Amino acid sequence: MLVGLPREIKDNEFRIGLTPASVRELRVHGHQVLVEKSAGAGIAAPDEAYVKAGAEIVDTAAEVFARADMIVKVKEPQPVECRMLRPGQILFTYLHLAPDPEQARLIAASGAIAIAYETVTDNAGRLPLLAPMSEVAGRMAVQVGAVSLQKANGGRGVLLAGVPGVPPGKVVVLGGGVVGTNAARIAHGMGADVTIFDKSLPRLAYLDELYGPHLKTCYSTSEAVEEAVFGADLVIGAVLVPGAAAPKLVTRAMLGHMRPGAVLVDVAIDQGGCFESSHATTHSDPTYVIDNIVHYCVANMPGAVARTSTYALTQATLPYALKLADKGWKAALSDDKNFRNGLNVAEGKLTFAAVAEALGQPYHSAESVLGLTA
């Protein structure tokens, strides 16, 4: 198979879908790889490293898209990229289609086969290709939240760690999954006063056992969340419904009752955000203020630490990319029900139920597209 690696073009996105080591592995399996010129510059991987690994360097993304059988990316394709997709071509990347009807429409119109990292599952129901970036984003959320709390950045002027004689900042984490657990870990490590919410009692018990009395766990109800948010310095939105739009846990009306200068970091913004007042921002303009509350809603947070993120991501995605290249998409997905959950769009049809529901479009099961019996 001819695999294509274009340079990412989303605002300040420096990650890349394949490292030179990934290219070498694809070559070992007998596949060819096209790499857009300077695609790996953001992770300090020069074209020479890709050539040494066996790739062919081409000048433009247009050539990559025109020639490759499979496109491997990191972020969802931008409109100009969607229009370069063609029928039967495989797109393997993060998609986050539920809050993005225009992207879904363009991919469907292209006739391409779009497989989303974020909806691939494993036997335990976990999301193995989302987890690496969730770990990065969870850890970064506290880092960017702490900076946003600085007075010069519009925040309350609170140091999360506090100092002797001055209490630490209060951090509320909404969601106890991978993002939330990693956010709690960093906030706890900084010395903040941390409360984490979830609806799963087993998950709360696990977190309690992991961190002991230094971390407060709380069952998520509207009243409990509201009370905690009103007293927080930093609120981190870390909820996830795989493939679907995120639930709104903090309403617009709640902002007026929060501490002026408090910070909301919405890690769920890729799926539409879990704060009603959220809208996606970029690394070049990451925050905005509503009702004296600072909002940080960058939709590609891990892109800021591109080298760490790329190596964390590609070591998880490479085995799946190899399956697609070795077997073709139909055989690879037919043989593996968990991998099949990654299929979001195929030949113009939406094949992930939560995406179809969020967009109000007809749903066609992956099994029906693949011709598998129920």
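Shown above is the structure to which this text applies.
Attention in this report is confined to the structure presented alongside it. (Residues numbered from 1 in each chain as written. Predicted model: local features only at pLDDT ≥ 70, side-chain atom pairs only at ≥ 80, totals over all residues. Heavy atoms only, no water.)

Quick look at the overall build of the chain now. Each helix and strand counted, the chain has 14 helices and 15 strands in total. The C-alpha radius of gyration computed for the chain amounts to 21 Å, which stays within 12% of the reference 21 Å derived for 374 residues, consistent with globular compactness. The principal-axis extent of the C-alpha atoms belonging to the chain is close to 65 × 50 × 35 Å. Partitioning the intrachain contacts of the chain with sequence separation of at least 6 by distance along the chain shows that 62% fall at a separation of at least 24. Surface summary for the chain: the accessible area is close to 15,400 Å², and the carbon and sulfur share equals 53%. Taken together, the 32 basic and 37 acidic charged side chains of the chain have centroids lying 2 Å from each other. (Helix = DSSP H or I, 4+ residues; strand = E, 2+ residues; numbered from the N terminus. Rg over C-alpha atoms; globule rule 2.2 N^0.38 Å. Contact = heavy atoms within 4.5 Å. Areas by Shrake-Rupley, 256 points an atom, 1.4 Å probe, with all protein chains shown as cover. Lys, Arg positive; Asp, Glu negative; His and termini not counted. Charge placed at Lys NZ, Arg CZ, Asp CG, Glu CD.)

Take the packing of helix α6 (residues 131-148) against helix α10 (residues 306-327) next. In the contact formed by α6 and α10, the axes pass within 8 Å of each other and the chain directions differ by 155°. In terms of orientation, α6 lies roughly antiparallel with respect to α10. Note that α6 runs across α10; the crossing there is right-handed. From α6, P132, M133 and V136 reach across to α10, where they touch S309, A312, L313 and A316. Partitioned by chemical class, the residues of the contact of α6 with α10 number six nonpolar, one polar and no charged. (Axes fitted to C-alpha atoms, helices over the stretch in contact; angles between N-to-C directions. Parallel < 35°, antiparallel > 145°, perpendicular 65-115°, else oblique. Left-handed = near helix turned anticlockwise from the far one by under 90°. Nonpolar A, V, L, I, M, F, W, Y, C, P; charged D, E, K, R; others polar.)

Before going further, it helps to examine a nonpolar patch on the surface. On the surface, L159, V163 and V166 cluster together into a nonpolar patch covering about 270 Å² of accessible area. Note that V166 resides in the loop between α6 and β7 (170-174). Judged by relative accessible area, which is 47%, V166 ranks as partly exposed. (Patch = residues over 30% accessible without salt bridge, like charges linked within 9 Å, V, L, I, M, F, W, Y side chains within 5 Å. Salt bridge = Lys/Arg side-chain N within 4 Å of Asp/Glu carboxyl O. Buried < 20%, exposed > 50% of the residue type's maximum accessible area, 1.4 Å probe, protein only.)

Strand order in the open sheet made by the seven strands is β9-β8-β7-β10-β11-β13-β12, with mixed pairing throughout. Looking along the sheet, the strands with just one partner apiece sit at the ends: β9 (215-219) and β12 (287-290). For this sheet, the mean angle separating the axes of adjacent strands, direction not counted, is 20°. Sheet topology places β12 next to strand β13 (residues 293-296); four bridges connect them, and they run antiparallel. (Pairing = 2+ DSSP bridges.)

All right, on to the side chain of H295 then. Mapping H295 onto the fold places it in strand β13. H295 sits in the buried class, given a relative accessible area of 0%. At 2.7 Å, the side chain of H295 forms a polar contact with the side chain of S277. In this view, H295 contacts L255, L264, S277, P286, T287, Y288 and I290; residues no more than four positions away in its chain are not counted. (Polar contact = N/O pair within 3.5 Å; in protein donor to acceptor, adjacent residues only side chain to side chain.)

Structurally, the position occupied by S110 is in helix α5 (residues 101-110). A relative accessible area of 8% places S110 in the buried class. Separated by 3.0 Å, the side chain of S110 and the backbone nitrogen of A112 make a polar contact. S110 has contacts with C82, L85, R86 and P87, leaving out every residue within four places of it along the chain.

In the structure shown here, the tally under the stated rule is 18 salt bridges. Residue E76 is joined to K10 by a salt bridge in which the shortest nitrogen-to-oxygen separation is 2.7 Å. With E76 in the loop between β4 (70-72) and α4 (79-82) and K10 in the loop between β1 (2-5) and α1 (20-28), this residue pair connects regions lying 66 residues apart in the sequence. For the residue pair E76 and K10, the accessibility class agrees, reading buried in each case. Across the pair R259 and D233 runs a salt bridge, and its minimum N-O distance is 3.2 Å. Here R259, found in the loop between β10 (234-237) and β11 (263-266), pairs with D233, found in the loop between α9 (222-230) and β10; they are 26 residues apart in sequence, far enough to count as distant.

In total, this model carries four aromatic pairs according to the counting rule given. Judged by centre distance (4.7 Å) and plane angle (85°), the ring pair of F92 and Y117 falls under edge-to-face. One end of the pair, F92, is in strand β5 (residues 90-93); the other, Y117, is in the loop between β6 (113-116) and α6, with 25 residues separating them in the sequence. Between Y320 and F339, the ring centres sit 5.0 Å apart and the planes meet at 75°, which makes this aromatic pair edge-to-face. Here Y320, found in helix α10, pairs with F339, found in helix α12 (residues 337-340); they are 19 residues apart in sequence, far enough to count as distant. Through a chain of ring-to-ring contacts, the aromatic side chains of F92, Y94, Y117, Y320 and F339 assemble into a single cluster. (Phe/Tyr/Trp six-rings, centres within 6.5 Å; stacked < 30°, edge-to-face > 60°.)

With that settled, the discussion passes to helix α7 (residues 178-190). For α7, built from 13 residues, the straight-helix expectation of 18 Å at 1.5 Å per residue is met to within 8% by its first-to-last C-alpha distance of 19 Å. Restricting attention to buried positions, one finds in α7 the residues V179, G180, T181, N182, A183, A184 and A187. Next to the buried residues of α7 lie α6, β7, β8 (193-198), α8 (201-211), β9 and β10. Two residues or fewer after α7 comes G191, characterised by a positive phi angle close to 95°. (Expected span 1.5 Å × (residues − 1).)

Within a sheet, each strand pairs with its neighbour through backbone hydrogen bonds, oriented either parallel or antiparallel. Taken in spatial order, the eight strands make up an open sheet running β3-β2-β1-β4-β5-β6-β14-β15, and their pairing is mixed. Every other strand in the sheet has two partners, leaving β3 (56-58) and β15 (349-350) as the edge strands with one partner each. Judged from the two bridges that link them, β1 and β4 form a sheet pairing that is parallel. Along β4, the bridge assignment pairs V3 with M70. Sheet strands in contact with α10 are β4, β5 and β6, and its direction is about 170° off that of β5.

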